[in-house]
Amino acid sequence: MNKITKSNIDTFIAYYHDFHDSYITNIHYDIYKSQMVIIIDVLWAGKPIIKEDGTYDTNKTKLKMVLNGIEKVNNREIFSWDYINDAFLKYITLNNKELICFASDENDPFFYVVCDSIEYEEIK
């Protein structure tokens, strides 16, 4: 698995196009381990390719994210039509501790987690 760091966070979020039009399809929260595993159906990954018919091949993929050391988590009821338009992924300071925040939106997220670290991998 790859780890999101301060040096690769901007590249990571840009590669997945801010998770635009992506869906969270699975959430597993292990309270004892203070760990959450989420699966995201990512619509846009990498550089889109224009096909012969003029439409885009968006390089759809599934992304597994493991969020470790959960400090805060909140999610509303998520429906099949709830998609991410512009994800929020930043390092923040909470209670004098540097943490990373992943949210479905910066202003009105249906899902957010604040944690120590995030690891990820594409799954097929």
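Keep in mind it's a predicted model, so treat the numbers as computed, not measured.

Rules and cut-offs
- Residues numbered from 1 in each chain as written.
- Predicted model: local features only at pLDDT ≥ 70, side-chain atom pairs only at ≥ 80, totals over all residues.
- Heavy atoms only, no water.
- Helix = DSSP H or I, 4+ residues; strand = E, 2+ residues; numbered from the N terminus.
- Contact = heavy atoms within 4.5 Å.
- Salt bridge = Lys/Arg side-chain N within 4 Å of Asp/Glu carboxyl O.
- Buried < 20%, exposed > 50% of the residue type's maximum accessible area, 1.4 Å probe, protein only.

### As for the environment of Y56
Next, step 1: Topologically, Y56 is positioned in strand 5 (residues 56–57).
Next, step 2: Sequence separation of Y56 and W44 is 12 residues, and the distance between their C-alpha atoms is 9.9 Å.
Next, step 3: Apart from the residues within four sequence positions on either side, Y56 is in contact with W44, P48, I49, I50 and K51.

### A few points about the pattern of salt bridges
Next, step 1: This structure, assessed with the given rule, holds 5 salt bridges.
Next, step 2: Taking the shortest distance from any N to any O, the salt bridge between E71 and K97 comes out at 3.1 Å. With E71 in strand 6 (residues 61–75) and K97 in strand 8 (residues 97–103), the pair connects residues that are 26 residues apart, well separated along the chain.
Next, step 3: E71 sits in the partly exposed class, given a relative accessible area of 38%.
Next, step 4: Residue K97 is classed as partly exposed on the basis of its relative accessible area of 35%.
Next, step 5: Measuring nitrogen to oxygen at the nearest pair gives 3.0 Å for the salt bridge that ties D108 to R76. Of this pair, D108 sits in the loop between strand 8 and strand 9 (111–123) while R76 sits in the loop between strand 6 and strand 7 (88–94); the two residues are 32 residues apart in sequence, bridging distant segments of the chain.
Next, step 6: Via salt bridges that share partners, E71, K97 and D116 belong to a single interconnected network.

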